[in-house]
Amino acid sequence: MEQGAYGAGKAGGAFDPQTFIRQPHTILRMVSWLFSIVVFGGIVNEGYVNRPDEKEEYCIFNRNQNACNYGITVGVLAFLSCLLYLALDVYFPQISSVKDRKKAVLSDIGVSGLWAFLWFVSFCFLADQWRVSKKENNPFNEGADAARAAITFSLFSVFTWGILTFLAFRRLGEITFQEEYNTLFPSSPPVLP
């Protein structure tokens, strides 16, 4: 894609998948998407265990259902958010209005910042509940690797979403510069009466 039109290629240009996949924010969104799958998949698959004398399964994180529910909810919603913003990134070069591009980038900043915060809360909550879990609630240490993976990838997600926020801020700067440049130096000379 050619640069120079409000933070993206020229509006109406052809979609180039190779260029799209090589963009840093596209790569980070795909990585964040993968991390969210690891978190909610690990908790859903192995996050519920029981003692040998019990039939009902409890959350592996200190038997606190809220910890598992929070991890699953944040993971699933982050998964969907990544898909939504990947679709917006595909559509972004087709947006010709500077104001609409600016709105898209501002929403990207807000959503990416929010997800960085929610993943930080997830990391702290899951790590704390894992820390206080009792050995007798999981004597065979089932699902421990999935629990550690959920905690680890929650932490990794804080960084990927934080970097996505930073990249969106840079993109906003490019759009704002182009907007100001076009205001100061219009492309066509003024018409004299």
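Residues numbered from 1 in each chain as written. Predicted model: local features only at pLDDT ≥ 70, side-chain atom pairs only at ≥ 80, totals over all residues. Heavy atoms only, no water.

Peer 1: Any chance you could explain the UniProt feature "transmembrane region" (unreviewed entry) in the protein here in plain terms?
Peer 2: Following the UniProt record, one finds the feature "transmembrane region" (unreviewed entry) at residues 27–44, 70–92, 104–126 and 146–169. From the first C-alpha to the last, residues 104–126 spans 32 Å; its make-up is 100% helix and 0% strand. The span residues 146–169 shows a helical share of 100% and a strand share of 0%, and its end C-alpha atoms are spaced 34 Å apart. (UniProt positions renumbered as here; feature names shortened; annotations may be inferred. Helix = DSSP H or I, 4+ residues; strand = E, 2+ residues; numbered from the N terminus.)

Peer 1: When you look at helix 3 (residues 65–91) in this model, what are you seeing that I'm missing?
Peer 2: Note that an α-helix has 3.6 residues per turn; residues three or four places apart therefore point the same way. Taking 1.5 Å per residue as the helical rise, helix 3 with its 27 residues ought to reach 39 Å, and the 39 Å between its terminal C-alpha atoms agrees with that figure. Burial in helix 3 covers these residues: Ala67, Cys68, Gly71, Ile72, Val74, Gly75, Ala78, Ser81, Cys82, Tyr85, Leu86 and Asp89. Between the side-chain oxygen of the N-cap and the backbone nitrogen of Asn66 there are 3.0 Å, and the N-cap of helix 3 in question is Asn64. (Expected span 1.5 Å × (residues − 1). Buried < 20%, exposed > 50% of the residue type's maximum accessible area, 1.4 Å probe, protein only. Polar contact = N/O pair within 3.5 Å; in protein donor to acceptor, adjacent residues only side chain to side chain.)

Peer 1: Explain the pattern of salt bridges to me, please; I cannot follow it from the model alone.
Peer 2: Note on pairing: side chains with opposite charge can pair once their charged atoms come close. Across all of its chains, the model carries six salt bridges by this definition. Notably, a salt bridge pairs Arg148 with Asp145, separated by 3.0 Å at the nearest N-O pair. Highlighted residues: Arg148 and Asp145, both in helix 5 (residues 144–184), separated by three residues, approximately one helical turn. Taking the relative accessible area as the measure of exposure, Arg148 reaches 38% and is therefore partly exposed. Within the structure, one salt-bridge network assembled from shared partners comprises Arg29, Asp89, Asp108 and Arg171. (Salt bridge = Lys/Arg side-chain N within 4 Å of Asp/Glu carboxyl O.)

Peer 1: In this structure, what is going on with the packing of aromatic side chains? I would like to understand it.
Peer 2: Given two aromatic rings, their pairing is described by the distance between the two centres and the angle made by the two planes. Inspection of every chain in the model, using the stated rule, returns eight aromatic pairs. Arranged with centres 5.8 Å apart and planes meeting at 45°, the rings of Phe35 and Phe156 form a pair that is tilted. Separated by 121 residues along the polypeptide, Phe35 in helix 2 (residues 24–46) and Phe156 in helix 5 bring together distant segments of the chain. By relative accessible area, which is 35% here, Phe156 ends up partly exposed. (Phe/Tyr/Trp six-rings, centres within 6.5 Å; stacked < 30°, edge-to-face > 60°.)

Peer 1: Explain the layout of surface pockets here, please?
Peer 2: Gaps left between atoms show up when a probe the size of a water molecule is rolled over them. Taken as a whole, the second largest pocket spans an internal volume of roughly 190 Å³. If you go around the second largest pocket, you meet 14 residues; those closest to its centre are Ile60, Trp130, Ser133, Lys134 and Asn138. In the lining of the second largest pocket, the residues fall into five nonpolar, six polar and three charged. (1 Å grid on protein atoms, 1.4 Å probe; cavity = no way out; pocket = protein on both sides within 12 Å on 5 of 7 lines; lining within 4 Å. Points joined across faces, edges and corners; volume = space filled by probe spheres on them. Nonpolar A, V, L, I, M, F, W, Y, C, P; charged D, E, K, R; others polar.)

Peer 1: I tried to follow the packing of helix 2 against helix 3 on my own but got confused; where do I start?
Peer 2: Working note: a packed helix pair is described by the angle between its axes plus the distance between those axes. Closest axis-to-axis distance for the helix 2/helix 3 pair is 8 Å, and the angle between their directions is 155°. It follows from the interaxial angle that helix 2 and helix 3 lie roughly antiparallel. For the pair helix 2 and helix 3, the sense of crossing is left-handed. Contact residues: His25, Thr26, Arg29, Met30, Ser32, Trp33, Ser36, Ile37, Val39, Phe40, Ile43 and Val44 in helix 2; Cys68, Gly71, Ile72, Gly75, Val76, Ala78, Phe79, Cys82, Leu83, Tyr85, Leu86 and Asp89 in helix 3. (Axes fitted to C-alpha atoms, helices over the stretch in contact; angles between N-to-C directions. Parallel < 35°, antiparallel > 145°, perpendicular 65-115°, else oblique. Left-handed = near helix turned anticlockwise from the far one by under 90°. Contact = heavy atoms within 4.5 Å.)

Peer 1: Can you walk me through the state of the cysteines in this structure?
Peer 2: In a disulfide, the sulfur atoms of two cysteines are covalently bonded to one another. All chains considered together, the criterion is met by one disulfide. Across the disulfide from Cys59 sits Cys68; the S-S distance is 2.0 Å. Disulfide Cys59 to Cys68: torsion about the S-S bond roughly 85°, handedness right-handed. For the residue pair Cys59 and Cys68, the accessibility class agrees, reading buried in each case. (Disulfide = S-S within 2.5 Å.)

Peer 1: Please explain a nonpolar patch on the surface as it appears in this structure.
Peer 2: A cluster of nonpolar side chains, contributed by Val76, Leu77, Leu80 and Leu83, occupies part of the molecular surface with about 310 Å² of accessible area. Of note, Val76 is situated in helix 3. (Patch = residues over 30% accessible without salt bridge, like charges linked within 9 Å, V, L, I, M, F, W, Y side chains within 5 Å. Areas by Shrake-Rupley, 256 points an atom, 1.4 Å probe, with all protein chains shown as cover.)

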